[in-house]
Amino acid sequence: MNLFEVTDSDRKSQYRNMSEVLEACRIQDLSSSTNLKASRIRSLLNAYRLSKAYEPDSKVAYVVEQFPNELVYALGMIPWNIESMAILLAQHGCADSFINLTQQNNVSRDICSFLRGSLGVIMANCYPNPDIVLANDQPCDCLSKLANITSKNYRSPFFSISTPTELNEDTLDYLAGQQRRLMKDMAAALNMEFNEADLDRTVGHSNEAREYYCKTLELLRDYRLPGVAREMLEIFGMNAFGIPENVQLCKTLYQEALEMSKKPENKRSGKRVLWAGQAPDGSHEIMQYVEKEVEVIFWAPLWNSNMMKLDPDDPYRSIAQRAIEYHWHMERFQANLAEVCDTYGIDGIVISNAWGCRNMLALSPMLREVCGEKKIKYLTINVDFMDRNNYAFNHVKNRIDAFLEILKQSHL
Amino acid sequence: MIEQAEIFALMNRNRAEFVKSAGRPAIGWLSIYTPEEILDAAGLVPFRITGEFAQNTSEAGSMLCSNFCSYLLHSLSEGIEGIYDFADGMVIVDECDWRKRLYEAWKKQLNPPFTYFLELPKVITPESKAYFRLQLKKWVAALESHYQIQITGEALRRSISLHNETRTLLQRLYKLRQSDRSPVTGMEALQIMKAATAGRKEEFNRELARFLDDVEARNEPQAKPHRVLVCGSYFDQPELVEIIEQTGARIVCEDTSIGIKYAEGRIEENEDPLTAIADYYLEKATCARMYDSDIRLNHLLDLIETYKADSVIYFTLKFCDIYLMDYPYVMSRLQQQGISVLFIEGEQQMSNIQSIKTRVQTFLETRMF
Ligand code: SF4
Ligand code: SF4
């Protein structure tokens with residue numbers, strides 16, 4: 001068998017393959033849920049988009065995590081995040097067989113397990129055949145490499161954009177230019193029409209959703225809103241800015257958050273911990289354990305780049321700016337962490353290093369530096385939420401206990 | 001002959017002393033996509049940081065992380081240990097994520113007078129070439145302002161020609177290795193390729209020309225060896241080269257940055273110098289950092305054919321994610337063409353050399369006999 005050529009590219013078979021996995025793992029709802037109404041909407045939206053992607057006539061674009069999906073929606077395609085689907089499977093404890101598959105097929109165990117898991121799902125032919133594969137180098141080189149070899153696997157056209165690291169006029173021009181060209185290239189490859197008006201519409205939806213997203217974050221500053229931080233993380237990860245359903249989702253969450261904020265019991269109280277780095281599902285033992293003691297909010301959804309509205313008069317340039325701001329960058333990340341700590345009243349930080357994520361590992365010392373300057377307690381944990389061979393709760397439990405204890409004492 | 005090869009080994013061993021004694025400011029570099037021509041035209045001494053002199057990587061490990069590309073950890077350790085204190089700084093090309101993190105750590109923790117991060121696109125298009133040229137222009141401006149100099153077109157042209165001469169000589173070396181009985185050993189080639197980046201181009205060119213004249217005159221009848229091509233990430237592994245060649249096989253080409261990738265092509269001398277430099281460096285980018293893995297794969301397949309390689313050894317440093325991620329794909333394509341590949345994951349200073357030795361011997365011996 002050559003793993004780099006999918007022999008059965010019929011989406012019905014691929015759907016069957018995926019369904020078998022879901023059934024074997026007894027997964028009914030492929031979505032991490034809180035008790036919020038927004039969470040149920042997201043769950044339905046995910047289920048709908050999932051089934052739609054397997055339909056023979058749907059146009060599916062594989063994308064990497066931080067791809068500017070407004071561009072994909074503008075062409076009427078369904079973006080399929082190759083990594084996040086595998087993460088969802090892992091959250092339900094079904095990643096083992098995929099990880100094993102990669103191990104049998106020359107994939108080094110030193111590679112980040114999120115990527116190995118994703119490659120395993122692709123090797124098992126569980127994803128819907130893509131019409132096109134898209135990548136930028138965000139969040140990491142290795143994910144864009146995975147996207148490229150995936151395109152070989154399915155013999156699909158591959159398009160990429162390089163996101164520069166520094167933010168200045170030249171880099172914005174360069175990136176905006178690449179995006180403009182990408183739209184034309186994609187349309188030509190798929191034999192589709194592209195109208196700028198379609199991008200204007202998706203930008204409008206994106207901004208509308210952002211509006212609610214930012215308003216919810218504002219509430220999160222001053223209130224303890226159970227489930228809201230988790231839902232923000234999920235919305236961030238879903239990266240569905242650009243479709244009307246996401247506006248509905250963000251609006252619902254905001255309304256729920258607003259209602260909650262009116263209740264006296266939801267005034268800020270207790271210790272607040274910021275989770276930096278990969279976070280497991282809310283049902284994961286680590287999360288349950290920590291959240292029993294303190295309120296946890298997640299760093300990634302609070303990055304400045306998430307607050308940015310797109311400029312309707314120059315969408316490419318503003319999408320470019322957002323993309324550059326998403327890039328791992330020590331100075332920008334340090335400044336943002338310091339700001340988030342002040343704005344959200346952070347008492348402690350959990351720096352979660354996922355196995356093989358050397359970007360996060362290499363930035364951790366700089367994050368600890370910010371904690372030192374701000375005199376904020378921190379805990380660094382090495383975890384793996386995908387490959388069970390690399391992680392055991394017992395290995396981190398004592399350190400979490402000590403961290404929580406210190407936090408409690410600083411309360412006195 | 002051994003004596004002559006030893007000249008190159010000495011150039012490597014003494015690279016710091018030599019660069020120091022040149023009496024001009026020196027700038028270290030890590031990536032072969034660093035246009036040395038620009039540094040040279042600025043009157044500086046460009047030299048490659050090899051990481052081989054570091055004693056201990058624990059401090060570098062705590063600044064970055066210990067599960068990191070060991071070439072970069074060793075390079076940072078050399079910086080920490082003061083081996084490059086004589087140099088004005090570093091230029092780090094955006095070759096992979098880890099180099100971005102290295103740049104940040106180097107600048108923050110060591111903060112030499114001139115540290116520069118040069119962005120290099122991952123696709124080859126007219127737009128990316130124009131963008132890379134713009135980056136080079138900015139870099140030139142930064143050098144001019146830091147050193148209060150002017151980098152003239154004439155100086156650039158002179159430097160391009162000097163570096164092209166190095167390329168021509170190195171290509172002559174590789175041409176010799178294409179013959180059925182390659183007269184150059186893998187160890188000689190490794191020393192030569194490293195010496196090429198030791199900051200003494202004129203002297204290197206003279207020595208290499210002499211070496212090539214001698215080798216071409218050599219008339220040592222030998223048995224036709226089993227021909228090995230090494231490809232992969234940063235490869236500076238004399239022990240591994242020795243192990244391979246002790247089996248009776250001969251390394252005929254290294255598709256690595258201390259190998260043919262450094263020597264390929266030439267810069268157009270009759271064009272606008274910056275445009276020519278930008279085009280050259282971007283066009284020759286055939287490593288795993290480029291988005292499209294087929295760029296490297298197709299280049300590798302051409303090399304396998306040109307060098308009539310019987311076996312391929314795919315070497316990657318541990319934690320070099322881009323080469324690791326590329327491997328299953330590249331391997332499957334090579335196997336489809338009936339090419340045997342041995343995969344080795346190692347470190348800059350290998351601790352597991354014994355087990356690697358057994359694997360290499362088993363792989364090659366079963367193919368040779
Ligand atoms: S966890 Fe890190 S290495 Fe893995 S895909 Fe995400 S950014 Fe890349
Ligand atoms: S060996 Fe790999 S990880 Fe190390 S610098 Fe080179 S490309 Fe980057």
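All of these numbers come straight from a predicted model, not from anything done at the bench.

Chemist: Please explain the overall build of chain B as it appears in this structure.
Modeler: Counting secondary structure elements, chain B contains 16 helices and 8 strands. For chain B, the C-alpha radius of gyration of 20 Å lies close to 21 Å, the compact-globule estimate for 369 residues. Its C-alpha atoms put chain B at 65 × 45 × 40 Å along the principal axes. Residue burial in chain B is summarised as follows: out of 369 residues, 65% are buried. Pairs at least 24 apart in sequence give 75% of the contacts found in chain B among residues at least 6 apart. Carbon and sulfur atoms provide 47% of the accessible area of chain B, an area that totals close to 13,100 Å².

Chemist: I tried to follow the domain arrangement of chain B on my own but got confused; where do I start?
Modeler: Interfaces are frequently sized by the accessible area removed from exposure as the parts join. Residue and element names in this part refer to chain B. For chain B, the assigned domains read domain 1 (4-151) and domain 2 (154-368). Taken together, the contacts link 53 residues of domain 1 with 57 residues of domain 2. Summing both sides of the interface, domain 1 and domain 2 together bury roughly 4,900 Å²; the carbon and sulfur share of this comes to 62%. The partner of Asp272 in a salt bridge is Arg133, and the shortest N-O contact between them spans 2.9 Å. The tally of links from domain 1 across to domain 2 stands at 24 residue pairs in polar contact (both at pLDDT 80 or more). Looking at the side of domain 1 that touches domain 2, the elements that each hand over two or more residues are helix 1 (2-13), helix 2 (15-21), helix 3 (36-41), strand 2 (45-48), helix 5 (70-80) and helix 7 (126-147). Residue composition of the side of domain 1 that touches domain 2, grouped by class: 31 nonpolar, 10 polar and 12 charged.

Chemist: Where do I start with the sheet that holds strand 5 (residues 227-232) of chain B in this structure?
Modeler: The strands making up a sheet are joined through hydrogen bonds of the backbone, oriented either antiparallel or parallel. Residue and element names in this part refer to chain B. Taken together, the 4 strands give an open sheet; going across it, the order is 6-5-7-8, and neighbouring strands pair in parallel fashion. Both outer strands of the open sheet, strand 6 (250-255) and strand 8 (340-346), are each paired with one neighbouring strand and no more. Across the sheet, the mean angle separating the axes of adjacent strands is 25° when strand polarity is ignored. By the bridge criterion, 5 bridges tie strand 5 to strand 7 (residues 311-317) in an arrangement that is parallel. Paired with Cys231 across the strands is Tyr314, a residue of strand 7. Docked against the sheet, helix 15 (residues 321-336) engages strand 5, strand 7 and strand 8, running at close to 170° with respect to strand 7. The sheet contacts of helix 16 (residues 353-368) involve strand 5, strand 7 and strand 8, and relative to strand 8 the element is tilted by about 170°.

Chemist: Even after reading the chapter, I still don't get the pattern of salt bridges, so can you show me in this structure?
Modeler: A side chain of one charge can pair with a side chain of the opposite charge when the charged atoms of the two come close. Counted by the stated rule, this structure contains 51 salt bridges over all chains. Residues Arg317 of chain A and Asp173 of chain A are paired through a salt bridge, measuring 2.3 Å at the closest nitrogen-oxygen approach. A residue pair is termed long-range when its members are at least 10 positions apart, and Arg317 of chain A in helix 13 (residues 315-326) and Asp173 of chain A in helix 8 (residues 169-189) qualify at 144 residues. Look at Asp173 of chain A and you get partly exposed, because its relative accessible area is 45%. The closest approach of N and O atoms between Arg210 of chain B and Glu207 of chain B, which form a salt bridge, is 3.0 Å. One end of the pair is Arg210 of chain B and the other is Glu207 of chain B, both in helix 10 (residues 201-217) and 3 residues apart, which spans about a single turn. A relative accessible area of 46% means that Arg210 of chain B is categorised as partly exposed. Here Glu207 of chain B falls in the buried class, since its relative accessible area comes to 12%. A network of salt bridges, in which partner residues are shared, links Arg42, Arg230, Glu231 and Glu234 of chain A.

Chemist: Whenever I open this one, the side chain of Thr197 of chain B confuses me. Can you help?
Modeler: Residues and elements named next belong to chain B. Relative to the elements of secondary structure, Thr197 occurs in the loop between helix 9 (186-195) and helix 10. At a separation of 2.9 Å, a polar atom in the side chain of Thr197 contacts the main-chain carbonyl oxygen of Lys194. When residues no more than four places from it in sequence are discounted, the contact partners of Thr197 are Arg15, Trp29, Phe47, Arg48 and Tyr262.

Chemist: Hey, could you run me through the interface of chain B and chain A in this one?
Modeler: Facing the 47 residues of chain B at the interface are 51 residues of chain A. When chain B packs against chain A, close to 4,100 Å² is buried across both sides, 55% of that on carbon and sulfur atoms. The largest contributions to the chain B side of the interface with chain A come from Arg101, Tyr291 and Met325 of chain B, which together make up 20% of the buried area. With a closest N to O distance of 3.2 Å, Lys122 of chain B and Asp137 of chain A form a salt bridge. At the boundary of chain B with chain A, the tally comes to 27 residue pairs in polar contact (both at pLDDT 80 or more). Among the secondary structure elements, those contributing two or more residues to the side of chain B that touches chain A are helix 4 (58-63), helix 6 (97-110), helix 7, helix 14 (293-306) and helix 15 of chain B. In terms of residues, the side of chain B that touches chain A owes the most to one element, helix 15 of chain B, which gives 12 residues. Its residues assigned to classes, the side of chain B that touches chain A comprises 24 nonpolar, 7 polar and 16 charged.

Chemist: I would appreciate a short explanation of the site of ligand 1 in the present structure.
Modeler: Lining the immediate environment of ligand 1, one finds Glu83, Cys112, Phe114, Leu115, Pro139, Cys140, Gln278, Trp328 and Cys357 of chain A. Residues that form the shell around ligand 1 fall into these classes: 7 nonpolar, 1 polar and 1 charged.

Rules of the game
- All residue numbers refer to positions counted from 1 along the written sequence of the respective chain.
- Throughout, the order in which chains and ligands are written sets their labels, letters from A for the former and numbers from 1 for the latter.
- Per-residue local features are limited, in this predicted model, to residues with pLDDT of at least 70; the limit for side-chain atom pairs, both in listing and counting, is 80 or more; totals at the level of whole chains, interfaces and linings are taken over all residues.
- With hydrogens and water set aside, each side-chain value is computed from the structure's full complement of heavy atoms.
- Put simply, DSSP H or I for four residues or longer makes a helix, DSSP E for two residues or longer makes a strand, and each gets a number counted from the N terminus.
- As a reference, a globule follows 2.2 Å times the number of residues to the power 0.38, and the radius of gyration itself is taken over C-alpha atoms.
- For every residue, the accessible area (1.4 Å probe, protein chains only) is compared with the maximum for its type, and the residue is labelled buried under 20%, exposed over 50%, or partly exposed between those bounds.
- Contacts are assigned to residue pairs that have any heavy atoms within 4.5 Å of one another.
- We get accessible surface area from the Shrake-Rupley algorithm with a probe of 1.4 Å; when it comes to residues, only the shown protein chains can shield them.
- Here the limits of each domain have been adopted from an automatic or database domain assignment.
- The term buried area means the drop in 1.4 Å probe accessible area that two parts suffer when joined, counted for both and summed.
- We define a salt bridge as a contact between a side-chain nitrogen of Lys or Arg and a carboxyl oxygen of Asp or Glu at a distance within 4 Å.
- Here a polar contact is recorded for every N or O atom pair within 3.5 Å, except that within protein the pair must consist of a potential hydrogen donor and a potential acceptor, and residues adjacent in sequence are included only if both atoms are side-chain atoms.
- Residues are grouped as follows: Ala, Val, Leu, Ile, Met, Phe, Trp, Tyr, Cys and Pro are nonpolar; Asp, Glu, Lys and Arg are charged; all remaining types, including Gly, are polar.
- Pairs of strands are assigned from DSSP output, requiring at least two bridges between the strands.
- The angle between two axes is taken between their N-to-C directions and runs from 0 to 180 degrees, where each axis is a line fitted to C-alpha atoms and a helix contributes only its stretch in contact.
- The nearness test applies per residue and asks whether one of its heavy atoms lies within 4 Å of the molecule or strand.

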